[in-house]
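The lines below spell out each chain.
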Amino acid sequence: MSALKDRLRADLTASMKARDEVRSSTLRMVLTAITNAEVAGKEHRELTDDDIIGVLSTEAKKRREAAAAFGDGGRAEMAAKETAEAAVIADYLPAQLTEQEIADLVTSAIAQAGVAGEGMKAMGKVMGMIQPQVKGRADGGAVAAEVRRQLG
């Protein structure tokens, strides 16, 4: 079993003993999402730590989007709940890259691929090079926007 999944389970037990409702419910939801990812497809498979980080990133993004939607809809209490859940999930994700770090990665990938003058048709090649480096550490939309800005 992966070390991250073990840590999530141990933290769930500790949060249940401490009667931390938000953390307990969030960790239960995350572990359920991990289990669903393991049994998706034709056969059951054990997720690696990288796969689990991908699931956590997806769940964190869902929480951020839901918090924004609830905030826009005037439902402050629901937005606060989603934000609290996102904060719990963020504890298990790698440190997020800053905008400057993303820009530097994009610049080096464009130079490495040698596609500086090709414009937007090189976007797929650049994104393909960058995605493994930023997985779980940056939002794909922010990375894509920076690639567009530098290629465009």
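First things first, this report covers the structure right here in the doc. These numbers were taken from a predicted model, which means no experiment stands behind them. (Residues numbered from 1 in each chain as written. Predicted model: local features only at pLDDT ≥ 70, side-chain atom pairs only at ≥ 80, totals over all residues. Heavy atoms only, no water.)

**Concerning the packing of helix 2 (residues 21-39) against helix 4 (residues 76-90)**
Link 1 in the chain: Packing of helix 2 against helix 4 brings their axes to within 9 Å, and their N-to-C directions diverge by 65 degrees. Between helix 2 and helix 4, the angle is such that the two are roughly perpendicular. In the crossing of helix 2 with helix 4, the sense of the turn from one axis to the other is right-handed. Seen from helix 2, the contacting residues are Val22, Arg23, Thr26, Leu27, Met29 and Val30; seen from helix 4, they are Ala84, Glu85, Val88 and Ile89.
Link 2 in the chain: The residue makeup of the contact of helix 2 with helix 4, split by class, is 7 nonpolar, 1 polar and 2 charged. (Axes fitted to C-alpha atoms, helices over the stretch in contact; angles between N-to-C directions. Helix = DSSP H or I, 4+ residues; strand = E, 2+ residues; numbered from the N terminus. Parallel < 35°, antiparallel > 145°, perpendicular 65-115°, else oblique. Left-handed = near helix turned anticlockwise from the far one by under 90°. Contact = heavy atoms within 4.5 Å. Nonpolar A, V, L, I, M, F, W, Y, C, P; charged D, E, K, R; others polar.)

**Brief notes about the packing of helix 1 (residues 3-17) against helix 3 (residues 49-72)**
Link 1 in the chain: Where helix 1 contacts helix 3, the two axes come as close as 8 Å, and the packing angle between them is 55 degrees. The orientation of helix 1 with respect to helix 3, classified from their angle, is oblique. For the pair helix 1 and helix 3, the contacting residues are Ala3, Leu4, Lys5 and Leu8 in the first and Asp49, Ile52, Ile53 and Leu56 in the second.
Link 2 in the chain: Along the lines of polarity and charge, the residues of the contact of helix 1 with helix 3 split into 6 nonpolar, no polar and 2 charged.

**Comments concerning the side chain of Glu85**
Link 1 in the chain: Structurally, Glu85 can be placed in helix 4.
Link 2 in the chain: Glu85 sits in the buried class, given a relative accessible area of 9%.
Link 3 in the chain: Aside from chain neighbours lying at most four places away, what touches Glu85 is Thr26 and Arg63. (Buried < 20%, exposed > 50% of the residue type's maximum accessible area, 1.4 Å probe, protein only.)

**A look at the layout of surface pockets**
Think of a ball as big as a water molecule: rolled over the atoms, this probe shows where empty space is left.
Link 1 in the chain: Of the pockets and cavities examined, the largest pocket occupies roughly 340 Å³.
Link 2 in the chain: What lines the largest pocket is a set of 18 residues, and nearest its centre among them are Ser57, Arg64, Gln96, Ala138 and Asp139.
Link 3 in the chain: At the level of elements, helix 3, helix 4 and helix 6 (123-134) are the ones that each hand at least two residues to the lining of the largest pocket.
Link 4 in the chain: Sort the elements by how many residues they give to the lining of the largest pocket and helix 3 lands first, with 6 residues.
Link 5 in the chain: Tallied by class, the residues present in the lining of the largest pocket amount to 7 nonpolar, 7 polar and 4 charged. (1 Å grid on protein atoms, 1.4 Å probe; cavity = no way out; pocket = protein on both sides within 12 Å on 5 of 7 lines; lining within 4 Å. Points joined across faces, edges and corners; volume = space filled by probe spheres on them.)

**Focus: the pattern of salt bridges**
Link 1 in the chain: Across all of its chains, the model carries 12 salt bridges by this definition.
Link 2 in the chain: Across the salt bridge formed by Lys5 and Glu38, the nearest N and O atoms sit 2.8 Å from each other. With Lys5 in helix 1 and Glu38 in helix 2, this residue pair connects regions lying 33 residues apart in the sequence.
Link 3 in the chain: Residue classification places Lys5 among the buried positions, given a relative accessible area of 4%.
Link 4 in the chain: Look at Glu38 and you get buried, because its relative accessible area is 3%.
Link 5 in the chain: With a shortest N-O distance of 3.1 Å, Lys81 and Glu85 are connected by a salt bridge. Here Lys81 pairs with Glu85, and both are found in helix 4, just 4 residues apart, close to one helical turn.
Link 6 in the chain: For Lys81, a relative accessible area of 41% translates into the label partly exposed. (Salt bridge = Lys/Arg side-chain N within 4 Å of Asp/Glu carboxyl O.)

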